[in-house]
Amino acid sequence: MTRASRNLLAGPATLVAGLALWLFAGGVDLPVVTPAKVGVVMMCAGGAETLLGLHRAARGPAEPR
């Protein structure tokens, strides 16, 4: 499995998990963090990872040294 395909699998999964937290865990009170804010951070990280995977897929395989 290439790095691009790993990013293209993990990125959307992280984005969807963050979206679920943002939508459905807003009323949960935790002492340290707010699940809705963690969801927004996870969505940003998932989106960035997806874009990285698309970039790596467009560049093609790395050249050997």
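Quick caveat: nothing in here was measured; it's all calculated off a predicted structure.

1. Remarks on the overall build of the protein
Within the protein, the secondary structure is distributed over two helices and zero strands. A compact globule built from 65 residues should have a C-alpha radius of gyration of about 11 Å, whereas the protein, at 15 Å, is more than 25% larger. With the C-alpha coordinates aligned to their principal axes, the bounding extent of the protein is approximately 50 × 20 × 15 Å. Counting all 65 residues of the protein, 20% fall into the buried class. Across the protein, the fraction of contacts at a sequence separation of at least 24, relative to all contacts at a separation of at least 6, is 66%. When the accessible surface of the protein is summed, it comes to about 4900 Å², and 68% of that surface belongs to carbon and sulfur atoms.

2. Brief notes about a nonpolar patch on the surface
A grouping of Leu 19, Trp 22, Leu 23, Phe 24 and Val 40 is seen on the molecular surface, where their side chains present a nonpolar patch of about 510 Å² in accessible area. Broken down by element, the nonpolar patch gets its largest block of residues, four residues, from helix H1 (residues 3–24). As for its placement among the helices and strands, Phe 24 is situated in helix H1.

3. Some remarks on the environment of Val 41
One can find Val 41 in helix H2 (residues 35–59). For Val 41, a relative accessible area of 55% puts it in the exposed group.

4. Examining H2
Helical geometry: 3.6 residues make up each α-helical turn, so side chains three or four residues apart lie on a common side. Helix length check: H2 (25 residues) gives 36 Å between terminal C-alpha atoms against 36 Å at 1.5 Å per residue, within 8%. Where the residues of H2 are buried, they touch H1. Positive backbone phi, at 90°, marks Gly 60, one or two positions downstream of H2.

Conventions we followed
- Residues numbered from 1 in each chain as written.
- Predicted model: local features only at pLDDT ≥ 70, side-chain atom pairs only at ≥ 80, totals over all residues.
- Heavy atoms only, no water.
- Helix = DSSP H or I, 4+ residues; strand = E, 2+ residues; numbered from the N terminus.
- Rg over C-alpha atoms; globule rule 2.2 N^0.38 Å.
- Buried < 20%, exposed > 50% of the residue type's maximum accessible area, 1.4 Å probe, protein only.
- Contact = heavy atoms within 4.5 Å.
- Areas by Shrake-Rupley, 256 points an atom, 1.4 Å probe, with all protein chains shown as cover.
- Patch = residues over 30% accessible without salt bridge, like charges linked within 9 Å, V, L, I, M, F, W, Y side chains within 5 Å.
- Salt bridge = Lys/Arg side-chain N within 4 Å of Asp/Glu carboxyl O.
- Expected span 1.5 Å × (residues − 1).

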